[in-house]
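Listed below, chain by chain, are the residues.
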Amino acid sequence: MGLSTFKGGIHPYEGKELSEDKAIMKLEPKEVLVFPMGQHLGAPANPTVAVGDKVLVGQRIGEASGFISANICSSVSGTVKAIEPHLTTGGAMSLSVIIENDFNYTPVEGFGVKRDYKALSAEEIRNIVKDAGVIGMGGAGFPTHVKITPKDDNAIDYVIINGAECEPYLTSDYRLMLEETEAMIGGLKVVLSLFPKAKGIIGIEENKPEAIKKVKELVAGESDISVCELKTKYPQGGERMLIYATTGRKINSTMLPADAGCVVNNVDTMISIYMAVCESTPSIRRTLTVTGDAMNNTANVQVRTGMSYKEILDEVGGFKTTPEKIISGGPMMGAAMFDIDVPVTKASSALLALTKDEVAKYEPTACIRCGRCVAACPSNLIPQKMAEAAERFDDETFEKLEGMECFECGSCTYVCPAKKRLTQAFKQSRASVAAARRAKAAAAAKK
Amino acid sequence: MNVSAAPHVRSKDTTSSIMRDVAIALAPTLIFGIWNFNRYGYGLNAFLLIVICVVFCVGTEFIYEKLMKKPNTIGDLSAVVTGLILALNLPATLPLWIAALGSIFAILVVKMVYGGLGQNFMNPALGARCFLVISFAARMTAFPAEFPGVSVGVDTVATATPLTALKAGATVDVFKMFIGTTSGTIGETSVVAVLIGAIYLVARKVISLRIPVTFIVTTLVFVELFGGHMGDMNYLLAHLCGGGLVVGAFFMATDYVTSPITPMGQIVFGIIIGILTGIFRLFGGSAEGVSYAIIITNLLVPLIERFTMPKAFGKEAVKK
């Protein structure tokens, strides 16, 4: 049997050799930690503390403000210094709770207490995950309690761990699969306990043989958990691609994985679920890859959320030369930063510094209709036609061309020989169409 | 420090690297053409035609952009490729000034006035070839003597290509046609030289086999069914090796700008060109029809694309 995969995709330079052999290093923050209230998909959280309040490790400082929203907990003990907008990785300002660290790391009551998930009801588990503020740590930051709460628990056939880590350069999920394998499998078992008919699948790209071996050893005795080896190809870890590769099922942009009987969680998310449920520890840490050819040293680090990227960079060893581009996340979907004094959030995955910016190297030229974008698109779209529509702000045509099925993976832009900034144009059109749809829905609701 | 939207990495392929690959792939065909027609005393003229076509194609683009105050795009090498393809469509005996005129027509009329690279609806080299065939019919079919016994009756200089001879009822040497030591345009005679270039293009992933294979197979099926020589292998192979079918399929029908971008559309496109080529060859006035079949089908591309849009991933999925 061949390796599981999907149609389309690309093979960019992986760059994983820079950091894949570096064991996870724990770093501690300095005096000031920043907790943006909007670090997940959905409505930002509302601060539940006031300036001057004393807070403890694991204490809730932001409360979910809607169904699709998530709690935010403090990763240190100390005093709330300010509640004000602060720069975030995406370049936007977000209302943030700023805490002065007292370096005592005094936990809230009950923090770290061991629990047996088998003694908990499904509802209790879901509430724990919600209270702990667990969100999807693969990048999108979708609140996990929503993901694990489908309409019908019996309709879920598969719980899938996304261990593809298809973004170039990133190795933190790989290190976690090697170093915290038990916790990851533990998280999977917790989620499986919610769904009576579900089987567990751990999807890992074949470029991580050590991880595949380690995880296989650990699940050898489990009849309802299996490892699915995936072809190394970007965007293999895209949710729709992963579900298709591991189960043969397809979903589109209007569906959730649960609509195809699947629940998908990233490696770090699974570990966070385990820690929340079995170790009474909310989501307050993040594992990141610090890498790139502009770095003196590369590393995989584990930090408390709220710590500044700048502190991480200094601890790891700083820049070798002035980078041309600094990215939060991977090179395909990460956000370029103009200032690295921004906090690590639950959705952060990497600090990548590159000496060469391949975007600036090329000026876009005329499309020659070569069709490379068509071959690369995992969503089976015609990016060339979508770009024509996007460039003339023709949202109607863009929608007809199924532009809303694009998930902005960037594959088309990567392969384009004319170096057209396709994904950038699609982001704009997609946002515009989504806004129009919301406005239409709101107008309809008013009537 | 730079800030831009994701993705932050790019593949090494550029328009000019692709065009360079096409030019490299055309080299065996053109070199063979020079050698082949040198046997008839037209080697130097064939070489000069190639040079003239490239120089005038690039020069026309350069001057047009200068005059129109547009950015200079000759670096993308697409005009070089147009020049090379036009050259391989010309007889080795052609006066140089006609090649120069054809080059100017290809770039100015077929490409630049429609907006330059990517905007032309017709293959510039083939558009120019057809313009020249209409304007200078005798000169454009003045192939060096190969089948002196068969008269095509246009001009005393004109002699038949293998395919014209075949149409007139003569027997042709298919092996010679495969190797290319026959008469015709500079680049159409050698199937083996074309295939060397084609293998290079496929290996470099510059072209896919969808268009060339459907085009060639359709033509052969059509000829087999309607050619009146059912079961005659020599006749079928002569149609495969003659009349620029292979060079047209791999180097002209695959032109990105003037072929469909949808995978299914490329298959439809190949089939339509194949049928038209068959009709032109069997029922048309001339023995050949590849060029016209391609440029006519070029015009159908927007329509073909409209009806061959792929279904987006997961679009058929229904909620459980």
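Quick caveat: nothing in here was measured; it's all calculated off a predicted structure.

Comments concerning the domain arrangement of chain A
Interface size is commonly expressed as the accessible surface area that is lost when the partners come together.
Residues and elements named next belong to chain A.
And then number 1: For chain A, the assigned domains are domain 1 (16–20 + 111–279) and domain 2 (372–446).
And then number 2: Each of domain 1 and domain 2 was reduced to a C-alpha centroid, and the two centroids are 29 Å apart.
And then number 3: The interface of domain 1 with domain 2 comprises seven residues on the first partner and seven residues on the second.
And then number 4: The largest per-residue losses of area from domain 1 upon contact with domain 2 belong to Tyr234, Arg240 and Met241, which jointly make up 57% of the total buried on that side.
And then number 5: Connecting domain 1 to domain 2 are one salt bridge.
And then number 6: Residue glutamate 405 is joined to arginine 240 by a salt bridge in which the shortest nitrogen-to-oxygen separation is 3.6 Å.
And then number 7: The tally of links from domain 1 across to domain 2 stands at three residue pairs in polar contact (both at pLDDT 80 or more).

What to know about the packing of aromatic side chains
Residue and element names in this part refer to chain B.
And then number 1: Tallying each qualifying case throughout the model produces ten aromatic pairs over all chains.
And then number 2: Pairing phenylalanine 32 with tryptophan 35 gives two aromatic rings, centres 5.5 Å apart and planes at 55°, and the pair type is tilted. Placement of both phenylalanine 32 and tryptophan 35 in helix H1 (residues 15–38) is noted, with a separation of three residues, approximately one turn of the helix.
And then number 3: Overall, phenylalanine 32 belongs to the buried group, its relative accessible area being 16%.
And then number 4: For tryptophan 35, a relative accessible area of 48% corresponds to the partly exposed category.
And then number 5: Where tryptophan 97 meets phenylalanine 136, the ring centres are 5.5 Å apart and the plane angle is 85°; that geometry is what we call edge-to-face. Of this pair, tryptophan 97 sits in helix H4 (residues 96–111) while phenylalanine 136 is found in the loop between helix H5 (124–135) and helix H6 (137–140), placing the two residues 39 residues apart along the sequence.

Quick notes on the interface of chain B and chain A
And then number 1: Between chain B and chain A, the contact holds 42 residues from the first and 65 residues from the second.
And then number 2: Taken together, the two surfaces of chain B and chain A that pack against each other cover about 4,500 Å², and 59% of this comes from carbon and sulfur.
And then number 3: At the boundary of chain B and chain A, one finds six salt bridges.
And then number 4: The interface formed by chain B and chain A holds 22 residue pairs in polar contact (both at pLDDT 80 or more) in total.
And then number 5: Secondary structure elements with two or more residues in the side of chain B that touches chain A: H1 and helix H14 (290–307) of chain B.
And then number 6: Residue contributions to the side of chain B that touches chain A peak at three residues, all from H1 of chain B.
And then number 7: Taken together, the residues of the side of chain B that touches chain A break down into 22 nonpolar, ten polar and ten charged.

Topic: the packing of helix H11 (residues 383–391) of chain A against helix H14 (residues 422–446) of chain A
Residues and elements named next belong to chain A.
And then number 1: At a closest axis distance of 9 Å, the pairing of H11 and H14 adopts a crossing angle of 60°. Viewed along their axes, H11 and H14 adopt a mutual orientation that is oblique. Considering the relative orientation of H11 and H14, their crossing is left-handed. Judged by residue contacts, Pro383, Met386, Ala387 and Ala390 of H11 engage Leu422, Ala425, Phe426 and Ser429 from H14.
And then number 2: Tallied by class, residues from the contact of H11 with H14 come to seven nonpolar, one polar and no charged.

Remarks on unusual backbone geometry
And then number 1: In this chain, tyrosine 234 of chain A is followed by proline 235 of chain A through a cis amide linkage whose omega measures -5°.
And then number 2: Along the chain, the position of proline 235 of chain A falls in the loop between strand E11 (225–230) and helix H6 (239–247).
And then number 3: Cis peptide bonds are those with omega within 30 degrees of zero, and the linkage from alanine 6 of chain B to proline 7 of chain B qualifies with -5°.
And then number 4: Here proline 7 of chain B shows up in the segment before H1.
And then number 5: Positive phi, normally seen in glycine, also occurs at glutamate 408 of chain A, with a value near 60°.
And then number 6: Tracing the chain through its elements places glutamate 408 of chain A in the loop between helix H12 (395–400) and helix H13 (411–415).
And then number 7: The phi dihedral of lysine 205 of chain B falls on the positive side, at around 60°, and the residue is not glycine.
And then number 8: Secondary-structure assignment places lysine 205 of chain B in the loop between helix H9 (191–203) and helix H10 (210–226).

Some thoughts on the sheet that holds strand E16 (residues 335–337) of chain A
Residue and element names in this part refer to chain A.
And then number 1: A sheet is described by the order of its strands in space; here six strands give the open sequence E1-E14-E13-E17-E15-E16, paired in mixed fashion. The two strands at the open ends of the sheet, each matched to only one other strand, are strand E1 (24–26) and E16. The sheet shows a mean angle of 30° between the axes of neighbouring strands, direction not considered.
And then number 2: Sheet analysis places E1 next to strand E14 (residues 299–304), joined by three bridges and oriented parallel. Bridging across to E14, lysine 26 finds its partner in glutamine 302.

Some words on the nonpolar core
And then number 1: Counting 88 residues, the largest nonpolar core has Leu26, Leu90, Phe215, Phe250, Phe251, Met252 and Ile294 of chain B as the members making the most contacts within it.
And then number 2: The dominant element in this core, judged by the number of residues it contributes, is helix H2 (residues 43–67) of chain B, at nine residues.
And then number 3: Once residues lying within four places of it in the same chain are set aside, the contact partners of phenylalanine 251 of chain B are Val22, Ala25, Leu26, Ile85, Val194, Gly197, Ala198 and Leu201 of chain B.
And then number 4: In terms of nonpolar packing, the next biggest core, distinct from the first, is built from 44 residues, Tyr117, Val159, Met184 and Leu194 of chain A among them.

Observations regarding H14 of chain B
Residues and elements named next belong to chain B.
And then number 1: The end-to-end C-alpha distance of H14, which contains 18 residues, comes to 24 Å, matching closely the 26 Å that a straight helix rising 1.5 Å per residue would cover.
And then number 2: Its axis deflected by about 50° at leucine 300, H14 carries its strongest bend there, up to four residues before the proline proline 302.
And then number 3: For H14, the complete set of buried residues consists of Val290, Ser291, Ala293, Ile294, Ile295, Thr297, Asn298, Val301, Ile304 and Glu305.

Points about the state of the cysteines
All names here are of chain A.
And then number 1: A full pass over the atoms with the stated rule returns zero disulfides over all chains.
And then number 2: For the unlinked cysteine cysteine 228, the closest cysteine sulfur is that of cysteine 262, found at 12 Å.
And then number 3: Cysteine 228 gets classed as buried once you look at its relative accessible area, which sits at 12%.

Here we look at the sheet that holds strand E3 (residues 46–47) of chain A
Residue and element names in this part refer to chain A.
And then number 1: Taken together, three strands build an open sheet; the order of strands is E3-E5-E6 and the sheet is antiparallel. Strands with a single pairing partner mark the edges of an open sheet, and in this sheet they are E3 and strand E6 (72–73).
And then number 2: Note that strand E5 (residues 60–63) and E6 share two bridges and pair antiparallel. Residue pairing for E6: glycine 62 is matched across the bridge by isoleucine 72.

Describing H6 of chain A
Residue and element names in this part refer to chain A.
And then number 1: Taking burial as the measure, the nine residues of H6 include seven buried ones, the bulk of the element.
And then number 2: Regarding H6, the residues found buried are Arg240, Met241, Leu242, Ile243, Ala245, Thr246 and Thr247.
And then number 3: Packing partners of the buried residues in H6 comprise strand E9 (158–163), strand E10 (199–205), E11 and strand E12 (262–266).
And then number 4: One or two residues past the end of H6 sits glycine 248, with phi positive at roughly 80°.

Rules used in this analysis
- Just so you know, the residues in each chain are numbered from 1, in the order the chain's sequence is written.
- For naming, the first written chain is A and the first written ligand is 1, with later ones following in the order written.
- Only residues with pLDDT of at least 70 get local features here, since the model is predicted, and only at 80 or more are side-chain atom pairs given and counted; chain-wide, interface and lining totals rely on the full set of residues.
- Hydrogens are left out, water is left out, and the side-chain values use all remaining heavy atoms of the structure.
- Reported domain spans reflect what an automatic or database domain assignment gives.
- Residues count as neighbours in contact if any of their non-hydrogen atoms are within 4.5 Å of one another.
- We define buried area as the total accessible area lost by two parts upon association, computed with a 1.4 Å probe and summed across both.
- The working definition used for a salt bridge is a side-chain nitrogen of Lys or Arg within 4 Å of a carboxyl oxygen of Asp or Glu.
- Here a polar contact is taken to be a pair of N or O atoms separated by no more than 3.5 Å, where protein atoms must pair a possible hydrogen donor with a possible acceptor and residues adjacent in sequence count only if both atoms sit in side chains.
- Stacked, tilted and edge-to-face pairs are distinguished by plane angle, under 30 degrees for stacked and over 60 for edge-to-face with tilted covering the rest, among Phe, Tyr and Trp rings (Trp via its six-membered ring) whose centres lie within 6.5 Å.
- Where helices and strands are cited, they refer to DSSP runs of H or I of at least four residues and of E of at least two residues respectively, numbered from the N terminus.
- Three exposure classes are used, based on accessible area relative to the maximum for each residue type with a 1.4 Å probe and protein chains only: buried under 20%, partly exposed in between, and exposed over 50%.
- Polar here means any residue outside two lists: the nonpolar Ala, Val, Leu, Ile, Met, Phe, Trp, Tyr, Cys and Pro, and the charged Asp, Glu, Lys and Arg; Gly therefore counts as polar.
- An axis is simply a line fitted to the C-alpha atoms; with a helix, the fit covers only the stretch in contact. Between two such axes, the angle follows the N-to-C directions and lies from 0 to 180 degrees.
- Should an angle fall under 35 degrees it is taken as roughly parallel, and over 145 as roughly antiparallel, whereas 65 to 115 is taken as roughly perpendicular and any remaining angle as oblique.
- Put simply, a crossing is left-handed when the front helix is turned counterclockwise from the back one by less than a right angle, and right-handed when it is turned clockwise.
- The criterion for strand pairing is that DSSP finds at least two bridges linking the strands in question.
- Buried residues of nine kinds, namely Ala, Val, Leu, Ile, Met, Phe, Trp, Tyr and Cys, make up a nonpolar core once their side-chain atoms join them within 4.5 Å.
- To estimate how far a helix should extend, the number of its residues minus one is multiplied by 1.5 Å.
- Throughout, bend refers to the angle between the axes fitted to the seven residues that end at a position and the seven residues that start at it.
- When the sulfur atoms of two cysteines come within 2.5 Å, that pair is taken as a disulfide.

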